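Examining the three-dimensional arrangement
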Amino acid sequence: MRSIKLKGVNKTIYEEKLDNGLTVFICKMKGFEKKLAFFETKYGSVNNEFIPINKKEFKKYPLGIAHFLEHKLFESADNSNVFEQFQNDTAYVNATTGHNSTNYFFDCNKKFNKNLKRLLDMVQSPYFTYENVEKEKPIIGQEIDMYQNNPDQTIYDKLYYNAFVNDPIKYDIAGTKKDIKLITKEDLYECYNTFYHPSNMFLTIVGDVDINNVMDFIKENQKTKSFPKAPKIINKKIDEPDYVDKKSEKITRNVAACKIGYAYKIKLDELSPIEDLKRSFFLSIFLRTKFGELTNFTEDLIKNKLVKSYFYYYPNITKKYALIVFYGDVLDDEKVKRLIDEKLTCFDDLKESFELYKKQGLSNYVKMFENPNAISSHIRYMYNKYDIIMDNCYDIYKNVSFDEYLEFVKKIDYKNQTKIVIESGKGK
Amino acid sequence: MKITRKKINNIPVTLIDIDKFKSICGAMFFKMPIEKEMVVTRNLIRNILIHSCKKYPSNRLLNINCLENYDTYYSSNFRRDGNYATNYFLFRTLDERYTDKNNLNRVMDTFYEIIFNPNSSFGKFDEDEFNLAIQKRRSNIESKKERAESYVIDKLYKQMGDNTPISYVPELEILNKVTNEGLYKEYLNMINNSEVSFVIAGKDVSKIKEFKFLNNVKTTKYDKNLQVNSKINNKVNDTIEEYNGLQSVLGVGLKLKDLTYFESTYVLPVYNNILGSGASSRLFDIIREKNSLCYSCFSRAEKDDNIIDIYSGIENQDYEKALDLIKEVIQSMKKITGDELKRAKIEIISSLKESLDELSNYVVPIYLNELYNEEDISKKIEEVKKVTKQDVENLSKKIYITDSFFFKGGKTDA
């Protein structure tokens, strides 16, 4: 077991890679009631074209299949109610699917090992039938409707869809009702067998647990199961151009006021984890400096009747791209867009806010260690993105310099843009 | 953990020494009997106060102060509990192990400025701040239908409320009557005529020598009954409203009658847990798992209002089937199993225990315990353990289905 001693916060994360390839992280939180476990595969909504295990050709799967699979792993051969079983042992269980990973988790305050065994066994014992697959389709259909019913979510989804050309990140994680109708149990098994091998998964545990006992328990549990040789995962290589798929789109919805979203698609060079972390930090600081709480940007827009009541911005940063999204109930499209562009390309007066946000970055990093959920998110973010847990985040935030920040923000190219307008109307 | 209670300037102060966190969190509460307009005015006041103050007359300046003080967090909140309205203000900052020695004093100074020195002059709030708050609130009300579930909650409460505080939901006709001068008077009413209390938690908080912001505050005592009891009609009031949205949302309202303190405090959460709180509840099992009608179907119990409300997003054509099934599930609650009782109690006790992992959960619940005259967490756990199958089945006989509201959508994009 390897110790990762985190600098600046007096905290250690323990890491071990098991014989079957599963990576385990444990962070002890003394005195906390809640114990959490996250069992995660590096398989998400973007992995929908790949060479399935034991096959030679690429196969394209219906969109939304990773999310569908997440739902179906809660089924068991004996038709027992897994939610009830967890609840009987003080645990709350759930799962989420992202673009690049699917995560099964529980929290509890008692019987941690028993719940952990249940989680590992549940995820590692798939049981798909024609009936249980068909039963799930209307349920997920309602989940899709629920999200699509929200106009702000529609803006966000459409901006992604129009910004990307080939990258499946453009599609909604859950797919559409039409996509999920095509999913079969055979599809689910193929996806499962390709991506749910322990070597493609990791387990994160946070809480007041006995580290050695839990690690031994996991090893014993994994030893009782046999897995084929780790498959070589070959995803279809995506050639994503820098330009956007569609520069603008207009739709009609039953909204109280017109809503507009803008997105800037920014290509990112491949960097080392430290440099990538710094880049994400810089981008976040820059956007907050221009549009965040240290500005009166939104208030001025409202006061000058350029937006009605709200205007948000959100940076989405992946390994290859950043998509900077702005949206609100915009009254004057042209002026708002011009103001955004002016802000993004003005580099005066950045110094003071840089120092304040640096200080905040350090405070936030310290505060994270009083919250088990925040620590687990940090570990999972690091490992999903970088395949390592950095021990020097505190020093990285402490030592970033204004000059390198300025150099980065001046280089950002904002030319690839897309826009979505939701006009007020009755729809069909 | 050590809890010290004392009175400063006649105001009840609770100091909770706990060292498992890295922060200190404090909250000041202003409680008084609710009036209909307060659901609008008190929300406007909370928005204005947290946005700027006299010392930091813009949101930008206030936020710079927060960042300078190690990213201190301030919040301003409003809640209605039964017949009472509470505005409360909260701060959270790193403790002195991670800051310079004067950080907490500076933070509490700003806390004082936010609450007691608003951005105002000549009996009015700053005009820009007032207009901004009004504009945001107006849009929020006007766009309610875009958030179908929130809209259904408001409509159902209005329908069930029968002019009691349950029916007090934010409406344009209230907002349209709000003037800057009137709102400032309401702020003074909050400051001068509330029942005030203060709670602080974190490392060594009992050693803090002075809470300056308590020196000039007046407090009043109110003894109005917390519980709201609205009229129960014999006939179920079913309403359908069409809208141009994608998903239809069904809300069902239940009323509770003649509950004892033990029933409303301890039996009701168990009943609600079995009925519709989570993935092992009856509603989730019947409506979602067995009939595939929805993604989520859940219930909430409001003990001070004596109501339970149920929500589910469904297809248009499933309205009658879903409503009938929900009614059947409620009827079926007259008999529960030992396993259901055990699971519900475990979940409630777990969530009580796990709430202690979050610092702010030491602060707000202390206020609520006093508001509801409830026991502390360890005693609550003991009381939950005492709930029997018979208690839950008896409670189900005091529950009546009174209302439903169907927000009928089913439209697609143009």
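Residues numbered from 1 in each chain as written. Chains lettered and ligands numbered in written order. Predicted model: local features only at pLDDT ≥ 70, side-chain atom pairs only at ≥ 80, totals over all residues.

**Brief notes about the domain arrangement of chain B**
How big an interface is tends to be stated in terms of the accessible area lost upon association of its parts. Residue and element names in this part refer to chain B. For chain B, the domain assignment lists domain 1 (2-214) and domain 2 (237-408). Its C-alpha centre places domain 1 at a distance of 29 Å from the equivalent point of domain 2. Put simply, the parts of the chain that give the side of domain 1 that touches domain 2 at least two residues each are β2 (11-17), β3 (23-33), β5 (84-94), α5 (148-161) and β8 (195-202). At nine residues, α5 tops the list of elements feeding residues into the side of domain 1 that touches domain 2. The residue makeup of the side of domain 1 that touches domain 2, split by class, is 17 nonpolar, seven polar and six charged. (Domains from an automatic or database assignment. Helix = DSSP H or I, 4+ residues; strand = E, 2+ residues; numbered from the N terminus. Nonpolar A, V, L, I, M, F, W, Y, C, P; charged D, E, K, R; others polar.)

**Things to note about the environment of Val93 of chain A**
Residues and elements named next belong to chain A. Looking at the element boundaries, Val93 is found in strand β7 (residues 92-97). For the pair Val93 and Gln148, spaced 55 residues apart in sequence, the C-alpha separation works out to 25 Å. When residues no more than four places from it in sequence are discounted, the contact partners of Val93 are Val82, Phe83, Phe86 and Phe106. (Contact = placed C-beta atoms within 7 Å.)

**Quick word on the sheet that holds strand β4 (residues 35-41) of chain A**
Residues and elements named next belong to chain A. Taken together, seven strands build an open sheet; the order of strands is β1-β2-β3-β9-β4-β8-β7 and the sheet is mixed. Since the sheet does not close on itself, it has two edges, and those belong to β1 (2-6) and β7, each with one partner. The mean angle between the axes of side-by-side strands here comes to 15°, regardless of whether they run parallel or antiparallel. The pairing of β1 with strand β2 (residues 11-17) spans five bridges and is antiparallel. Counterpart to Lys5 in the pairing with β2 is Thr12. (Pairing = 2+ DSSP bridges. Axes fitted to C-alpha atoms, helices over the stretch in contact; angles between N-to-C directions.)

**Concerning α5 of chain B**
A turn of α-helix holds 3.6 residues, and therefore any two residues three or four places apart point the same way. Residue and element names in this part refer to chain B. Along its 14 residues, α5 runs 20 Å from first to last C-alpha, staying within 8% of the 20 Å computed at 1.5 Å per residue. Of the positions making up α5, those classed as buried are Ala148, Tyr151, Val152, Ile153, Lys155, Leu156, Tyr157, Met160 and Gly161. Of the surrounding secondary structure, the elements contacted by the buried residues of α5 are β10 (248-256), β12 (307-314) and β13 (399-408). Asp162 lies just past α5 and shows a positive phi near 55°. (Expected span 1.5 Å × (residues − 1). Buried ≥ 20, exposed ≤ 12 C-beta atoms within 10 Å, placed from the backbone.)

**A word on the interface of chain B and chain A**
Taken together, the contacts link 49 residues of chain B with 54 residues of chain A. Those elements that provide at least two residues to the side of chain B that touches chain A are α2 (59-68), α4 (127-142), β12 and α11 (338-354) of chain B.

**Re the domain arrangement of chain A**
Residues and elements named next belong to chain A. Parsing chain A into structural domains produces domain 1 (2-223) and domain 2 (248-424). Computed over C-alpha atoms, the centres of domain 1 and domain 2 are 28 Å apart. Each partner contributes to the interface: domain 1 provides 35 residues, whereas domain 2 provides 30 residues. Secondary structure elements with two or more residues in the side of domain 1 that touches domain 2: β1, β2, β3 (23-28), β4, α5 (151-163) and β9 (201-207). The greatest single-element share of the side of domain 1 that touches domain 2, amounting to 10 residues, is contributed by α5. When grouped by side-chain class, the residues that make up the side of domain 1 that touches domain 2 number 19 nonpolar, seven polar and nine charged.

**Let's talk about the environment of Ile115 of chain B**
Residue and element names in this part refer to chain B. Take Ile115: it is sitting in helix α3 (residues 103-116). Under the C-beta neighbour-count criterion, Ile115 is labelled buried, with 23 such atoms within 10 Å. Spatially, the C-alpha atom of Ile115 lies 28 Å from that of Asp19, the residues being 96 residues apart in sequence. Those residues in contact with Ile115 that sit more than four places away from it in its chain are Met28, Leu49, Phe89 and Phe213.

**Focus on the packing of helix α1 (residues 38-51) of chain B against α4 of chain B**
Residues and elements named next belong to chain B. Two elements in contact, α1 and α4, have axes whose closest approach is 9 Å; the angle formed by their N-to-C orientations is 130°. Taken together, the axis directions place α1 and α4 in an arrangement best described as oblique. At the point where α1 passes α4, the crossing takes the right-handed sense. Contact with α1, carried on its side by Val40, Asn43, Leu44, Asn47, Ile48 and His51, involves Glu129, Phe130, Ala133, Ile134, Lys136 and Arg137 of α4 and no other residues of that element. Of the residues contributing to the contact of α1 with α4, the split by class is six nonpolar, three polar and three charged. (Parallel < 35°, antiparallel > 145°, perpendicular 65-115°, else oblique. Left-handed = near helix turned anticlockwise from the far one by under 90°.)

**Overview of the sheet that holds β3 of chain B**
Backbone-to-backbone hydrogen bonds join strands into a sheet, with any given pair of strands oriented parallel or antiparallel. Residues and elements named next belong to chain B. Taken together, the six strands give an open sheet; going across it, the order is β1-β2-β8-β3-β5-β4, and neighbouring strands pair in mixed fashion. Looking along the sheet, the strands with just one partner apiece sit at the ends: β1 (2-8) and β4 (73-81). On average, each strand axis in the sheet is tilted by 15° relative to the strand beside it, whichever way the strands run. Relative to β8, β3 is paired through seven bridges, and the arrangement is antiparallel. Residue Met28 lies in a different strand from β8, and its bridge partner there is Phe198.

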